Each structure stands twice: as structure tokens, then as C-alpha cells.
Amino acid sequence: MASSPAVKDAVSNQNNSNQSTQQPLQHVAKRLEKFKTTIFTQMSSLAIKHGAINLGQGFPNFDGPEFVKEAAIQAIKDGKSQYARGYGVPDFSSAIAERFKKDTGLVVDPEKEITVTSGCTEAIAATMLGLINPGDEVILFAPFYDSYEATLSMAGAKIKCITLRPPDFSVPIDELKSAITQDTRAVLINTPHNPTGKMFTREELSTIASLCIENDVLVFTDEVYDKLAFEMDHISMASLPGMYERTVTLNSLGKTFSLTGWKIGWAIAPPHLTWGVRQAHSFLTFATSTPMQWAAAVALRAPESYYDELKRDYMAKKEILVEGLKAVGFKVFPSSGTYFVVVDHTPFSLENDVAFCEYLIKEVGVVAIPTSVFYLNPEDGKNLVRFTFCKDEGTLRAAVDRMKEKLKRK
Amino acid sequence: MEQKLSSAAKTFTPSPIQELSHLAQRSNAINLAEGFPDFPAPSHLKNAAISAINSDFNQYRHVQGICDHLANIMKEMHGLDFDPRTDMAICCGQTEAFAAAVFAIIDQGDEVVLFDPSYETYEGCIRMAGGIPVYVALEPPHWTLDPERFINSLTARTKAVILNRLTNMKWHSPHNPTGKVFTKDELETIAGACRRRDCIAITDEVYEHITYDNMKHISLASLPGMQERTIITSSLSKTFSVTGWRVGWAIAPAFFASAIRNIHVKITDSAPAPFQEAALTALRSPPEYFEKLRREYESKRDYIVQMIEGIGFQIKFKPRGAFFLFAELPENYLLSDVEYVKELIKQAGVVAVPGCGFFHTTLSTEKLSQVGCRYQKRYVRFAFCKSSATLAAAAQKLAELSDAMGCDIGGKNA
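Residues numbered from 1 in each chain as written. Chains lettered and ligands numbered in written order. Predicted model: local features only at pLDDT ≥ 70, side-chain atom pairs only at ≥ 80, totals over all residues. Heavy atoms only, no water.

As annotated in an unreviewed UniProt entry, chain B carries the name Aminotransferase class I/classII large domain-containing protein and is attributed to Salix dunnii. According to the UniProt record, the Sequence similarities (unreviewed entry) comment for chain B is "Belongs to the class-I pyridoxal-phosphate-dependent aminotransferase family." (UniProt positions renumbered as here; feature names shortened; annotations may be inferred.)

The name given to chain A in an unreviewed UniProt entry is Aminotransferase class I/classII large domain-containing protein, with the source organism recorded as Salix dunnii. Under the heading Cofactor (unreviewed entry), UniProt records this for chain A: "pyridoxal 5'-phosphate".

This is the structure we're talking about:
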């Protein structure tokens, strides 16, 4: 059995210290080949060491809104610190349904069609484990958020990957048509898309939809950035004709309300699919943080003005970063949504994305994320790195200044 | 579309407990079923959480200080040395710590030994990971471990033994209710087998601070040769009456802990940030806090034992830990545990949990099937993690019932 990098270090220590102890390596499950220490952690450690400005990790350096924090505090004071109903506090499930109706026009039953989870990460894990059998074929679009591959391997799925390519990361339709077959169990879509900022168009979604209907395929959509849609309207696959009955829509509180540490997410799906998600969820975490759910219900009932202001703020931040990156000499790809932007770093003549990011931290004092980690084949991402603009404007300007000063084309 | 469910999900069916809890809700009954407190969390803890929220501890975090405190506690309580930098994973409750541990070590076809009666979540988790649960029945009325039965359950495919040392809970589904604490001899039997067969043990120690009659909680990991092969899971929930905060952990040798962390990161990424911060306050609680916890729960235990004896139950086994009383139905009651609980709701307005859901039949209990599994329908679980007012109200209602019905609930014959 091949050893995964994370285990190797520990094992070599073990070997040195005690030859007579039985090898513990065989105890660790085979699935762990896919579970390595993440690039985010590695880059963050390096960043701290060099005092670099972190535009790598995708969480804000500013706090969430007062009215939501107050609601959580009130819930704690009101004694709401015991187990919530496993699949969600009823009032919160209702709030999710209300918001979903505003966003998509779809009416869902909060009792039967909504599952609350510890963040969207858990919603993804529960969906994979509850609805995917070992050997099932699942289609992913690369680059993809790192937990997709990991949880699919936990479920024993066969992964088929379709790569989205610069400059506009559009869906290669011919490749898609030959990829989705009778053997396909599910397609996983992330829109707005991390790391590229691409948003799936209505045409793309319709094409995927008809292929899924034709071949009886499920769709799982990760829509955590749906409120950070700048260049076009966000479209939920579930709202397309014939799609609700085969779609699991995943979302969370963290990105919209700058409370990424609260771990409040959810899955919306028709009852027969929700059943599977709930079963897996009940064994993964059983229940989700109670006071935060009460606060999340308040958050989701925020007036439209909250969302308008959120967009305005982020668009201003985006402009600072994008203009700055262009001025420095990156090739910047258009990002329609999320708080990420992907750039081509090759004008700076470093070997690949990891080398560039290390250089950027050590010599310039700014953190970006190498995108090769988001691909099944790392070679596909070696020219690209991802910056985030979920930081206060001062931080963004400081980062841009550092890059203007120290990052020179070679 | 039902074929779209994973095969693991399809095997799970709704429990009869669900129906009973609906009945209970409709009747507005006193709830001695749910295994979580109806009294508030300690105020110093609530204040710590509120302060964390106000101080902007609201983004993804890993609070290393929790690991430092846990290392100290493990040293003090069990004499065990763990490295806080490498030997721990902070998770969303003990549930997630356990799930991550199972996914870290269980491959398709691995057998996992569990002691019956037990918490149903363990099985679900094991199956999801492709493992095969193998139940070893503990012997009523004291739920003792039969070493021979245990040894016979082990095969070449046995990967792990789950030690649900003390009872566990999940309010809407059945679980180990007995309040048994494994004796040193029983632990040595288990440890010996694990060492000889190179098995891993996963322990669930969520009730580690709730033990009675001066019983000391012994961690399996403290036995010879066990620290290197034991994964300890626990949480804040029961010790600090914050079952809704979802902060738990796994403690294990570095290579296990690292694997568990890597899996946890892909399941939830991190535990709720403000509650991780508040966990620092919790884990720094002085010895007096734990003393008081024990004392108060012990007096509740004594109170409920008396209460339930008063309505005709024979309590042959007083719980030694956790906050459940698993009591055998009165001899003259001929119907099942489910029937009894239904009647208790209707006639007394008190809810409890029928014990049948905690028992599982398995290949290795042939002896049991000869004797008959009748005892599996003869137990009812009462929770006593309730305020004095709630317990007193329940006592009142049950006293009225006894007076009215003469200790013979239902009054019906089979």
C-alpha cells in the first residue's frame, strides 16, 4: 500500500525510534492517499514566517455584521446551547426556504427538503457519502475546491474530470457531451466558481441539464458564493425545468455574512435525495451548532439592502486588486463572481505556480495560492495562481504596493 | 429515484423512537427521554462564548490552546503523555471525531467489534466507511463482559474495537444506555486481545467526568501497550452542558491524529470558532467544577432510582456513570418496552426511551438466541440530566399514577 505524504514523516520517526514495534502504517486506511496536509496551511505558515500579507486563504480579515453577532449572543443568553434537531432548527430551515424562494422562485418544504450542516464542507461530504456508491462515476470540473476529490474518494467514486481553461474558463461542450453517459451518476458544479470566479451561464447550465435528464444523472451544485455575483446574475441549476427533482443545492452562511468560522451550511434537495444527505449527516456530525443556527435565521432574513451593500463593498475591493495586479504585470483573467481572481504568473519567469507563490511570499511579502492543487493533474494549473480580495481596502492596497515595488518582470 | 440513494443510506430506517417522540410532543409530556440537560450551561462558559463573538473570533480557526489543555488533563487524569502539537484533532463534537477516526482506519471489509447494547451512530459510521460491525452482547443485569464471547468475536479481519466506555446519547435514536463503567479486568481482557491481534481501539469518553460512587474513570489507553493503538474521542458537551456547541476532539498517536485531522478538514474543515475559544475557559475549570458536577449528578441518580423503583421497576444495576437509568420492566408487566413507554406517556405524561433500539442481533450471539432475546424488549431508559424541578415534577406525576393504577401500568394483559 502506498503511503501518503502526511503519514510518511511520522512513520520514519517511528522506524528510527523502535525497530521492534509493529509497523503502524498498515492500520491507516487506503483512502488517505487523497488526504494530505493542505496547501493553505503550508502557505499560511510560510506567510507568518515572512510577515507576508495574506491574499491566499479565502476568509475575510474583517468581521461579520453586528446584527447577526447580536442574534448569536442573544441565543446563548436565551439558553439555546443544547442539541438542535439533527437536520436543523425549524426556524432556520424555514428561513433557508424563504431565501431560496426569493432567489430561485422555488417553493421547498423545510421539514423534508432542507438539511443543516457544519458548513458547506459538511454538506458536500454528506451529499457524497449519502448519495454516491463505491464505483459510481462522478464528473467534476477542474479546477475544483479540494474537498470534492477527497470526499468523492471517501465514497469510493470514480472521478471523471473536465478541465475549464483560460481565458474565460467556459465549459467545453463537446467534451461534456462525451463525458456524460448512462454510466454517470452525478455531476458536481460550483458556481460562482472557486478559484476562477467563473459563473456558469444559462446556456451552459441548460446543456448540462438536458444531458443529465437524458442520462438520468444527479447534479450537486455548490453555490456558497451566490451572493457575490458581480458581472451576471447567479443561476441555480435547481430552477431549470426538470432539474429540481435531481439536484442537491449546497450553500452556507460564511461567505455571505463574513462569519466563516461559524460553520453553518445547508443542502436543499427533493425528499428522496434529502433522505440520503440526512443519513450521512447524522453519522458525520449529528447536529449543527445551535446558537449559530438561530442567528443564521436572522441573517437570512436580512433586507435586500444588506446584499446590495455587500456587493458594492466587494466590487470596490475587486477593483483595487484587479487594477493593481494588471499594473504589476500579471495577465488577469476576468472573474464574474466570488472574491477570487486568477492570474497568469508566467511574465515573472518562475518555474511553476508553487515556485512563484514561494517567491512571492519570501521576496515580495504577499501570499497567493498555487492553483495546481485544484486540478487532478497539477500540470494543468502550473501557470495560474489565485488571489483573494476578501480583505479590507488598506490591506489590499498595501499588498498591491508591495507587488509594484518588488515584483519585476524578468 | 430511490435507486439514487447510496447502498449505505438505504439500509437505514426511521426508528420507532421518532414516533414516540412525536407522541410525547403532542402530549406535552415531561421529557426524561432526551439525553441533554434542560438546565442552563455554566455562565462562565456562556460569557466566554459571548466575549469571543464580540472579539471577532468568527473566522476559520484552529485554537491550539485547546490541545495544550487537553495534554495537561490527560497527564493529570491518566498519567498519559501526549504532544499537543501532533497528537490531537479538534472536531465538530465527539460525533465528528469518531467519524473521522473511523474513516481514518477502516477499509472496505474491515470488521469492527462493538459492545451491545450500544449507540446506533457507531454502526452507521462504520458501514459508511465500508466496515462490518460485529456485536458482542454484554450480559444483563450488570452488563458484564464475557471474555470468551469477546475473544470468539475476533477474526483475522478485525481491525478495531469500539469502547463505548460509558453510555452515550443521541436524543432521537437509541444508544448505549446502561451507565456501566468497564472494570479494570474487563479493560485488560480487551487490551490483551488488541495487543495480541494488533487491533486498534477507539474509545468514546464523553462522560469521563460523570462517574459515581467514587469510581475512577480508567482510560483504556493507560493500559500497557495500549497508548500506541488507542484513539480517544471526547467533547465538551456532557461535561459542560453545552451539547449544542459542537466542540470535540480525538487524541491519538501522531500518525493516527494526523490522518484524523486530514479527514476532519475535508468533512467540516473546523469546529465553530467562538466555541473553540470558549473551550479554553471550559478546560481551565478548577477541580471544584468537576466535583460539583459529579455530586449533583450523583444525587439526581439516587433520586431517579428511588422514583423508578417506586413505580415497580427492579433496579438491579445502578448506573455508575453518565446520566441514564436503564431499568428492567416490572415483572408483572407483560407487554413490550415500546408499549410501556406509550402507556407512560398517555397515563403519566412522562417520556422515556424503550431499550429495544439499543440492542442488535448478530452472528456472534448464537448463545443468546438460544436463551432468547426476550430481555432486549424488557428495558426502558430514563435520562436524569434534568433540573431538580423537572425531576420533582416527574416524581409527582409518577406518584399519582401509582396511586391511581396500583403500580400496574396499562392494566392490560398480553
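From this point, things continue past the structure.
*Asks:* Describe the overall build of chain A, and please don't skip the residues or the numbers.
*Replies:* Helix and strand counts for chain A stand at 14 helices and 13 strands. Taking 2.2 N^0.38 as the reference for a compact globule, 410 residues should give roughly 22 Å; the C-alpha atoms of chain A span a radius of gyration of 22 Å, in line with that estimate. A principal-axis box enclosing the C-alpha atoms of chain A has dimensions of 60 × 60 × 55 Å. About 14600 Å² of surface is accessible on chain A, with carbon and sulfur atoms providing 49% of the total. Mean positive and mean negative side-chain charge positions of chain A (44 and 48 charges, respectively) differ by 3 Å. (Helix = DSSP H or I, 4+ residues; strand = E, 2+ residues; numbered from the N terminus. Rg over C-alpha atoms; globule rule 2.2 N^0.38 Å. Areas by Shrake-Rupley, 256 points an atom, 1.4 Å probe, with all protein chains shown as cover. Lys, Arg positive; Asp, Glu negative; His and termini not counted. Charge placed at Lys NZ, Arg CZ, Asp CG, Glu CD.)

*Asks:* Account for the interface of chain B and chain A, naming residues and giving values.
*Replies:* Counting from both sides, the interface comprises 70 residues of chain B and, opposite them, 76 residues of chain A. Summed over both sides, the interface between chain B and chain A buries roughly 6300 Å², with carbon and sulfur atoms accounting for 61% of that surface. Between the two partners, chain B and chain A, sit two salt bridges. The shortest N-O distance in the salt bridge between Asp56(B) and Lys69(A) comes to 3.0 Å. One can count 24 residue pairs in polar contact (both at pLDDT 80 or more) joining chain B with chain A. Contributing elements (two or more residues each) for the side of chain B that touches chain A: α1 (7-10), α3 (43-54), α5 (93-105), α6 (120-128), α9 (254-267) and α10 (273-283) of chain B. Residue contributions to the side of chain B that touches chain A peak at nine residues, all from α9(B). Along the lines of polarity and charge, the residues of the side of chain B that touches chain A split into 38 nonpolar, 17 polar and 15 charged. (Contact = heavy atoms within 4.5 Å. Buried area = accessible area lost by both parts, 1.4 Å probe. Salt bridge = Lys/Arg side-chain N within 4 Å of Asp/Glu carboxyl O. Polar contact = N/O pair within 3.5 Å; in protein donor to acceptor, adjacent residues only side chain to side chain. Nonpolar A, V, L, I, M, F, W, Y, C, P; charged D, E, K, R; others polar.)

*Asks:* Quick one: what's the story with the side chain of Ser335(A), residue by residue and with numbers?
*Replies:* Residue and element names in this part refer to chain A. Turning to its location among the elements, Ser335 is positioned in the loop between β9 (331-332) and β10 (340-344). Classification of Ser335 by relative accessible area gives buried; the value is 6%. At 3.1 Å, the side chain of Ser335 forms a polar contact with the backbone oxygen of Gly337. If near-sequence neighbours (up to four positions away) are discounted, Ser335 is found in contact with Thr196, Gly197, Glu231, Lys318, Phe340 and Val341. (Buried < 20%, exposed > 50% of the residue type's maximum accessible area, 1.4 Å probe, protein only.)

*Asks:* Lay out the UniProt feature "domain: Aminotransferase class I/classII large" (unreviewed entry) in chain A in plain terms, naming residues and giving numbers.
*Replies:* Those places that UniProt annotates as "domain: Aminotransferase class I/classII large" (unreviewed entry) correspond, in this numbering, to residues 53-402 of chain A. Counted over residues 53-402 of chain A, helix gives 42% and strand 16%. Its end C-alpha atoms are 9 Å apart.

*Asks:* Lay out the state of the cysteines with the relevant residues and their values.
*Replies:* Residue and element names in this part refer to chain B. Within this structure, the stated rule accounts for zero disulfides over all chains. The cysteine Cys91 is free of any disulfide, with Cys92 supplying the nearest cysteine sulfur at 7.4 Å. Cys125 takes part in no disulfide bond, and the closest cysteine sulfur, belonging to Cys91, lies 11 Å away. (Disulfide = S-S within 2.5 Å.)

*Asks:* Go over the sheet that holds strand β9 (residues 324-328) of chain B with me, naming the residues and quoting the values.
*Replies:* Residue and element names in this part refer to chain B. Spatially, three strands are ordered β9-β12-β11 in an open sheet, and the strand pairing comes out antiparallel. Among the strands making up the open sheet, the edge pair consists of β9 and β11 (353-354). Summarising the sheet, β11 and strand β12 (residues 379-383) pair through two bridges and their orientation is antiparallel. Residue pairing across strands places Val353 opposite Arg381, the latter belonging to β12. The strands that helix α11 (residues 287-309) touches are β9 and β12; relative to β9, the one it contacts most, it runs at about 25°. (Pairing = 2+ DSSP bridges. Axes fitted to C-alpha atoms, helices over the stretch in contact; angles between N-to-C directions.)

*Asks:* For the environment of Thr338(A), give the residues involved together with the corresponding values.
*Replies:* Residue and element names in this part refer to chain A. Structurally, Thr338 can be placed in the loop between β9 and β10. Take Thr338: its relative accessible area is 0%, and that puts it in the buried class. Separated by 47 residues in sequence, Thr338 and Pro291 place their C-alpha atoms 27 Å apart. Excluding residues that lie within four positions of it along the chain, Thr338 makes contacts with Pro192, His193, Asn194, Gly197, Tyr225, Leu228, Phe230 and Phe389. Among the polar contacts made by the side chain of Thr338, one reaches the main-chain amide nitrogen of Phe340 at a distance of 3.0 Å.

*Asks:* How would you summarise the pattern of salt bridges if you had to cite specific residues and measurements?
*Replies:* Overall, the coordinates contain 37 salt bridges over all chains when judged by the stated rule. Residue Glu304(A) pairs with Arg99(A) through a salt bridge whose shortest N-O separation is 2.9 Å. Placement of the pair is Glu304(A) in helix α12 (residues 304-328) and Arg99(A) in helix α4 (residues 90-104), with a sequence separation of 205 residues. One salt bridge in this structure joins Lys75(B) and Asp81(B), with 3.1 Å as the shortest N-O distance. Among the residues examined, Lys75(B) registers a relative accessible area of 42% and is labelled partly exposed. Here Asp81(B) falls in the exposed class, since its relative accessible area comes to 54%.

*Asks:* Please provide a residue-by-residue account of the environment of Ser178(A), values included.
*Replies:* Residue and element names in this part refer to chain A. Assignment of secondary structure puts Ser178 in helix α8 (residues 173-179). Judged by its relative accessible area of 53%, Ser178 falls in the exposed class. Through-space distance from the C-alpha of Ser178 to that of Glu113 is 32 Å; in sequence the pair is 65 residues apart.

*Asks:* Could you give an account of the domain arrangement of chain A, naming the residues involved and the relevant values?
*Replies:* All names here are of chain A. When its domains are assigned, chain A resolves into domain 1 (30-59 + 306-406) and domain 2 (66-302). Measuring from the centre of the C-alpha atoms in domain 1 to the corresponding centre in domain 2 gives 25 Å. Across the boundary between the two partners, domain 1 contributes 32 residues, which contact 40 residues of domain 2. The three residues of domain 1 that bury the most area against domain 2 are Tyr307, Thr338 and Phe374, which together make up 22% of that side's buried surface. Residues Lys318 and Glu231 are paired through a salt bridge, measuring 3.5 Å at the closest nitrogen-oxygen approach. For the side of domain 1 that touches domain 2, the secondary structure elements donating two or more residues are α12, β10 and β13 (384-388). Looking at which element gives the most residues to the side of domain 1 that touches domain 2, the answer is α12, with seven residues. A breakdown of the residues in the side of domain 1 that touches domain 2 according to their chemical character gives 19 nonpolar, seven polar and six charged. (Domains from an automatic or database assignment.)

*Asks:* How would you sum up the pairing of strand β3 (residues 111-116) of chain B? Please name residues and give values.
*Replies:* Residue and element names in this part refer to chain B. Counting buried residues along β3, six of its six residues qualify, which places the element largely inside the surrounding structure. Viewed along the sheet, the connection from β3 through α6 into strand β4 (residues 132-137) turns out right-handed. Where β3 meets strand β5 (residues 158-163), three bridges bridge the pair, whose relative direction is parallel. Paired with Val112 across the strands is Ala160, a residue of β5. (Right-handed = clockwise from strand over helix to strand, strands pointing away.)

*Asks:* Hey, could you go over the sheet that holds strand β7 (residues 230-235) of chain B for me, with residue numbers and the actual values?
*Replies:* Residue and element names in this part refer to chain B. Spatial strand order, β2-β8-β7-β6-β5-β3-β4: seven strands in an open sheet with mixed pairing. The open sheet has two edge strands, β2 (88-91) and β4, and neither has a second partner. When strand polarity is set aside, the average angle formed by the axes of neighbouring strands in this sheet is 20°. As judged from the four bridges shared by β2 and strand β8 (residues 248-251), these two strands associate in the antiparallel manner. Following the sheet pairing, Ala89 is matched in β8 by Ala250. Each of β2, β7 and β8 touches helix α4 (residues 64-78); the most contacted strand, β2, lies at about 120° to it. On the sheet, α5 packs against β2, β5, β6 (200-204), β7 and β8 and is oriented at approximately 160° with respect to β7.

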